[in-house]
There are 2 protein chains.
Amino acid sequence: DVTLINLFEVPPGREAETLEAWGAARTFLSGEPGYIDTTLHRALDPEARYTFINVAHWESAEDFTRAIRRMHAAGVFPQIEGVVINPALYRAMRRDGAE
Amino acid sequence: DVTLINLFEVPPGREAETLEAWGAARTFLSGEPGYIDTTLHRALDPEARYTFINVAHWESAEDFTRAIRRMHAAGVFPQIEGVVINPALYRAMRRDGAE
């Protein structure tokens, strides 16, 4: 599988809107083929560059790309003023620890 | 628990050194109180801004901060020319999916 790591730059005061849009996107994407799971993280430091980081798992890069295209076509994840998203696909290389 | 997400900016040709340093850091940190697990991810796109992203879990922010201080004191994670690390602590907010 592949890991989607999306870094959210969110100006002060836009957190609630961003969370709402993220929730709508998750609802749409979780119904798409190849979706596995997703976890949204919030920075402990309010000054952090990336206020939210989403880490999601998909069966394949193709599944993810197709689902995102369908999501945008359905207009589910609106652009929010000042919010910059930085999605990129990764592959887990080294895993270690108590799992 | 808390999630450490560390974003690695790695100039071309420095990947192997960075992986070696990451491996040494993981060996040190995995022996520290409060360590849970860690997963290193590599970008599928070689042009990605962050070549590696490490996602680790710790019992608490204090455990993590103490362990990092001890690691640097032991000189385990040397500075590699051109490599920029961007560590920040997060808390998982929303979890969803097949788990």
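Residues numbered from 1 in each chain as written. Chains lettered and ligands numbered in written order. Predicted model: local features only at pLDDT ≥ 70, side-chain atom pairs only at ≥ 80, totals over all residues. Heavy atoms only, no water.

**Q** I keep staring at the nonpolar core and nothing clicks. Help me out?
**A** Most often, soluble globular proteins keep nonpolar side chains buried together rather than apart. Residues W58 and M71 of chain B are the most contacted members of the largest nonpolar core, which totals 24 residues. For this core, the elements supplying multiple residues, two or more each, are β1 (2-9), α1 (15-29), β2 (35-43), β3 (52-58) and α2 (61-73) of chain B. In contact with W58 of chain B, other than residues within four places in its own chain, are D1, V2, L4, L29, E32, P33, G34, Y35, I36, D63, F64 and A67 of chain B. Listed in part, the 23 residues of the second largest apolar core include W22, A25, L29 and A67 of chain A. (Core = buried A, V, L, I, M, F, W, Y, C linked by side-chain atoms within 4.5 Å. Buried < 20%, exposed > 50% of the residue type's maximum accessible area, 1.4 Å probe, protein only. Helix = DSSP H or I, 4+ residues; strand = E, 2+ residues; numbered from the N terminus. Contact = heavy atoms within 4.5 Å.)

**Q** Teacher, can you tell me more about the interface of chain A and chain B here?
**A** Note: interface size is frequently given as the accessible area lost on complex formation between the parts. On the side of chain B, 35 residues touch chain A, which itself brings 35 residues to the contact. If you look at where chain A meets chain B, you find nine residue pairs in polar contact (both at pLDDT 80 or more). Elements with a minimum of two residues in the side of chain A that touches chain B: β1 (2-9), α1 (15-29), β2 (35-43), β3 (52-58) and β4 (84-97) of chain A. The residue makeup of the side of chain A that touches chain B, split by class, is 19 nonpolar, seven polar and nine charged. (Polar contact = N/O pair within 3.5 Å; in protein donor to acceptor, adjacent residues only side chain to side chain. Nonpolar A, V, L, I, M, F, W, Y, C, P; charged D, E, K, R; others polar.)

**Q** What exactly am I supposed to notice about the relation of the copies chain A and chain B here?
**A** The operation linking the two copies of the chain is a rotation about an axis combined with a translation along the axis. At an RMSD of 0.0 Å, chain A and chain B line up after a rotation of 180 degrees and a shift of 0.0 Å along the axis. Seen this way, the second copy is the image of the first under a two-fold rotation axis. Considering only C-alpha atoms, the part of chain A nearest the rotation axis is V55 of chain A, at 4.6 Å. Of the residues that chain A buries at the interface, 100% are likewise interface residues in chain B, meaning the two copies contact each other through the same surface. (Least-squares fit on C-alpha atoms with pLDDT ≥ 70 in both.)

**Q** Can you help me understand the packing of aromatic side chains in this one?
**A** For any pair of aromatic rings, the description consists of the separation of the ring centres together with the inter-plane angle of the planes. All names here are of chain A. Under the definition given, this model contains five aromatic pairs over all chains. Each ring, one from W58 and one from F64, has its centre 5.7 Å from the other, and the planes form 70 degrees; the classification is edge-to-face. Taken as a pair, W58 and F64 share a single burial class, namely buried. One aromatic cluster is present, formed by Y35, W58 and F64 through successive ring pairs. (Phe/Tyr/Trp six-rings, centres within 6.5 Å; stacked < 30°, edge-to-face > 60°.)

**Q** Looking at this structure, how should I read the environment of M71 of chain A?
**A** Residue and element names in this part refer to chain A. Within the secondary structure layout, M71 lies in helix α2 (residues 61-73). In the structure, M71 is positioned 39 residues away from E32 in sequence and 9.5 Å away in space, judged by C-alpha atoms. In contact with M71, not counting residues within four places along its chain, are A25, F28, L29, V76 and F77.

**Q** Before we go on, may I ask you to explain the pattern of salt bridges in this structure?
**A** Opposite charge on two side chains lets them pair, provided their charged atoms get close. All names here are of chain A. Applying the stated rule across the entire model yields eight salt bridges over all chains. With its nearest N and O atoms 2.9 Å apart, the salt bridge here joins R14 to E17. Taking relative accessible area as the criterion, R14 reaches 24% and is therefore assigned partly exposed. Judged by its relative accessible area of 35%, E17 is partly exposed. Linking E32 and R70 is a salt bridge whose minimum nitrogen-to-oxygen distance equals 2.6 Å. On the criterion of sequence distance, the pair formed by E32 in the loop between α1 and β2 and R70 in helix α2 is long-range, its members being 38 residues apart. The exposure class assigned to R70 is partly exposed, which follows from its relative accessible area of 45%. Overlapping salt bridges, with partners in common, bring together R14, E17 and E81 in one network. (Salt bridge = Lys/Arg side-chain N within 4 Å of Asp/Glu carboxyl O.)

**Q** Help me out: how do you make sense of α1 of chain B in this one?
**A** Working note: α-helix, 3.6 residues per turn, so residues spaced by three or four point in the same direction. A rise of 1.5 Å per residue sets the reference length of α1 of chain B, with its 15 residues, at 21 Å; its end C-alpha atoms lie 21 Å apart and thus fit the reference within 8%. Looking at α1 of chain B, one finds that the buried residues are T18, L19, A21, W22, G23, A25 and L29 of chain B. (Expected span 1.5 Å × (residues − 1).)

**Q** It is not clear to me how the packing of α1 of chain B against α2 of chain B should be interpreted in this structure. Could you clarify?
**A** The relative placement of two packed helices is expressed as an angle between their axes plus a distance between the axes. Residues and elements named next belong to chain B. Two elements in contact, α1 and α2, have axes separated by 10 Å at closest approach and are oriented at 125 degrees. In this view, α1 runs oblique relative to α2, as classed from their interaxial angle. Where α1 crosses over α2, the handedness of that crossing is right-handed. Of α2, the residues touching α1 (which contributes A25, F28 and L29) are A67, I68, R70 and M71. Taken together, the residues of the contact of α1 with α2 break down into six nonpolar, no polar and one charged. (Axes fitted to C-alpha atoms, helices over the stretch in contact; angles between N-to-C directions. Parallel < 35°, antiparallel > 145°, perpendicular 65-115°, else oblique. Left-handed = near helix turned anticlockwise from the far one by under 90°.)

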